[in-house]
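# Chains, contacts and geometry: an overview
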Amino acid sequence: YQGVAADVVSENLFGSLASKAAMGTVESKCDEALAKVGIKPGVATLTFDKDYKFYFKVGKLSIPGTWTQEDDKVTIKFGKALTFMQLDGIVKSSTGGCEVLFEADKFLKFAEKAIAIIGNISGNSLVSSLGSVVSNAKGLDAGFKLSK
């Protein structure tokens, strides 16, 4: 895990300064909030197995799940504490790894739920609302920057 990734969905927004600012805001605000519960580069990991299982590890907590991929489309279904949470998105190659991107509002809901669960388990009573980020996320996808 290398951090939060954001990308412009609408080609009409692609060249605008506003869309680039929104991408930066989504990435930095989410990175800040997730880092407070240990979801940060070098500490959190996402491991995808060939048998379509994955593990999202933060400290001593490991959340399993399953994944499927067809071409550049990917579906991630979480287990354990995040049961019933499913994210549908795309995979984009990047230097040294890839980005797995989802509709920004759905990714932000995942991030808020993960923060609440990990905060409760770790004894950190941090409650973070990423709701204000949603207004900046219109026309954006957000997700994970991953490296090998």
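One can find the structure itself at the top, above this paragraph.
Within every chain, residues take consecutive numbers counted from 1 along the sequence as written. Where local features are concerned, this predicted model is filtered to residues with pLDDT of at least 70; where side-chain atom pairs are given and counted, the filter is 80 or more; whole-chain, interface and lining totals use all residues. Computation of side-chain values: all heavy atoms of the structure, hydrogens and water removed.

### Things to note about the sheet that holds strand β5 (residues 73-78)
Going by this rule: A pair of strands is treated as paired once DSSP finds two or more bridges between them. Strands are runs of DSSP state E lasting at least two residues, helices are runs of H or I lasting at least four, and both sets are numbered from the N terminus onward. The axes used here are C-alpha line fits, helices contributing only the stretch in contact, and every angle between their N-to-C directions lies in the interval 0 to 180 degrees.
Taken together, eight strands build an open sheet; the order of strands is β1-β8-β7-β6-β5-β4-β3-β2 and the sheet is antiparallel. Pairing within the sheet leaves two strands with one partner each, and these edge strands are β1 (3-8) and β2 (45-48). The average undirected angle you get between the axes of adjacent strands in this sheet is 35°. Sheet topology places strand β4 (residues 61-70) next to β5; six bridges connect them, and they run antiparallel. By the bridge assignment, threonine 66 is partnered in β5 with lysine 77.

### So, the nonpolar core
Rules: Side-chain atoms within 4.5 Å link the members of a nonpolar core, which is a set of buried Ala, Val, Leu, Ile, Met, Phe, Trp, Tyr and Cys residues. Between buried and exposed lies partly exposed: a residue is buried under 20% and exposed over 50% of the maximum accessible area for its type, with that area taken using a 1.4 Å probe on protein chains only. In what follows, residue pairs with any heavy atoms lying within 4.5 Å of each other are defined as contacts.
One finds Tyr1, Ile39, Phe56, Ile76, Phe78, Phe110 and Phe144 to be the most contacted residues of the largest nonpolar core, which totals 42 residues. Listed by contribution, the elements that provide at least two residues to this core are β1, α1 (17-35), β3 (53-58), β4, β5, β7 (97-103), α2 (104-122) and β8 (140-147). It is α2 that contributes the most residues to this core, nine residues altogether. When residues no more than four places from it in sequence are discounted, the contact partners of phenylalanine 56 are Ile39, Thr45, Leu46, Leu61, Ser62, Ile63 and Phe110.

### Quick look at the pattern of salt bridges
Once the charged atoms of two side chains with opposite charge are near each other, the side chains can pair. The condition that has to hold: Any Lys or Arg side-chain nitrogen located within 4 Å of an Asp or Glu carboxyl oxygen qualifies as a salt bridge.
Under the definition given, this model contains one salt bridge. Here aspartate 7 and lysine 92 are joined by a salt bridge, their closest N and O atoms 2.2 Å apart. Here aspartate 7, found in strand β1, pairs with lysine 92, found in strand β6 (residues 86-94); they are 85 residues apart in sequence, far enough to count as distant.

### Side note on the pairing of β4
Alignment of β3 against β4, held across six bridges, turns out to be antiparallel. Residue pairing for β4: lysine 57 is matched across the bridge by serine 62. In this structure, the hairpin formed by β3 and β4 is closed by a connection of two residues, where glycine 59 is found at a positive phi of approximately 60°. Linkage of β4 to β5, two consecutive antiparallel strands, is achieved through a turn of two residues, within which aspartate 71 is found at a positive phi near 55°.

### Examining unusual backbone geometry
Backbone geometry places tyrosine 52, a non-glycine residue, at a positive phi of 65°. Here tyrosine 52 is to be found in the loop between β2 and β3.

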